[in-house]
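Structure assessment
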Amino acid sequence: EGIPRPEPLRTLNGTDIKLVENFKYLGSWIRGSSKDIKHRKAKAWYACHGLKKVWNSTLRDNLKARLFVATVESILLYGCEAWTLTKEMERNINGTYTR
C-alpha cells in the first residue's frame, strides 16, 4: 500500500544511514529552502545589528553600502544557488531589510 520505502543506504562498514527530510550541508539546509532562508535572514540581521557603530558613523554612504553588500547581503544569500523558491519565499527575501 502506498510507495514502498527504499532499501536503506549503508556506510562502508555496514551502518545504516538514516532517511531524513532535511539536513544541513556546508551551512545550508538541503531540501528545505524555507528553513534555510529563515536561518539566513536571522544571521544577516544579526550581522547588520553588529555593525550598528558603522551605520551610525561618519563613514561615507557609498562605503557603508559596499560594506553592507560584502557582509550582510552575502550572509543572507550564501547558498542561494541551491534554493527552490516560491513567489512567497521570493517576496520574503526581497523584504528582508524593510520594516
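What you see is a predicted model; the values in this text were computed from it and never measured.

Take the overall build of the protein next. Each helix and strand counted, the protein has four helices and two strands in total. Each helix and strand of the protein, placed in order from N terminus to C terminus, yields the pattern β-β-α-α-α-α. Buried residues in the protein amount to 19% of all 99 residues. Taking as baseline every contact in the protein between residues at least 6 positions apart, the subset at least 24 positions apart corresponds to 45%. A total accessible area of about 8200 Å² is found for the protein, and carbon and sulfur atoms account for 58% of it.

Looking now at a nonpolar patch on the surface. A cluster of nonpolar residues, Val 20, Phe 23, Tyr 25, Leu 26 and Tyr 78, forms a patch on the protein surface that exposes about 530 Å² of accessible area. Note that Phe 23 resides in strand β1 (residues 23-25). For Phe 23, a relative accessible area of 40% corresponds to the partly exposed category.

Criteria and thresholds
Note that residues are indexed from 1 along each chain, following the sequence as it is written. Per-residue local features are limited, in this predicted model, to residues with pLDDT of at least 70; the limit for side-chain atom pairs, both in listing and counting, is 80 or more; totals at the level of whole chains, interfaces and linings are taken over all residues. Side-chain metrics rest on all non-hydrogen atoms present in the structure, leaving aside hydrogens and water. Each helix corresponds to a stretch of at least 4 residues labelled H or I by DSSP, and each strand to a stretch of at least 2 residues labelled E; elements are numbered beginning at the N terminus. Note on exposure labels: buried denotes an accessible area under 20% of the residue type's maximum, exposed denotes more than 50%, and partly exposed covers the range between, all computed with a 1.4 Å probe on protein chains only. Contacts are residue-level and defined by heavy atoms, with any inter-residue pair within 4.5 Å sufficient. For the accessible areas, the method is Shrake-Rupley and the probe is 1.4 Å, while residue cover comes only from the protein chains on display. To count toward a patch, a residue needs a relative accessible area over 30% and no salt bridge; like charges are then connected within 9 Å, while nonpolar side chains (Val, Leu, Ile, Met, Phe, Trp, Tyr) are connected within 5 Å. In what follows, salt bridge is the name for a side-chain nitrogen of Lys or Arg lying within 4 Å of a carboxyl oxygen of Asp or Glu.

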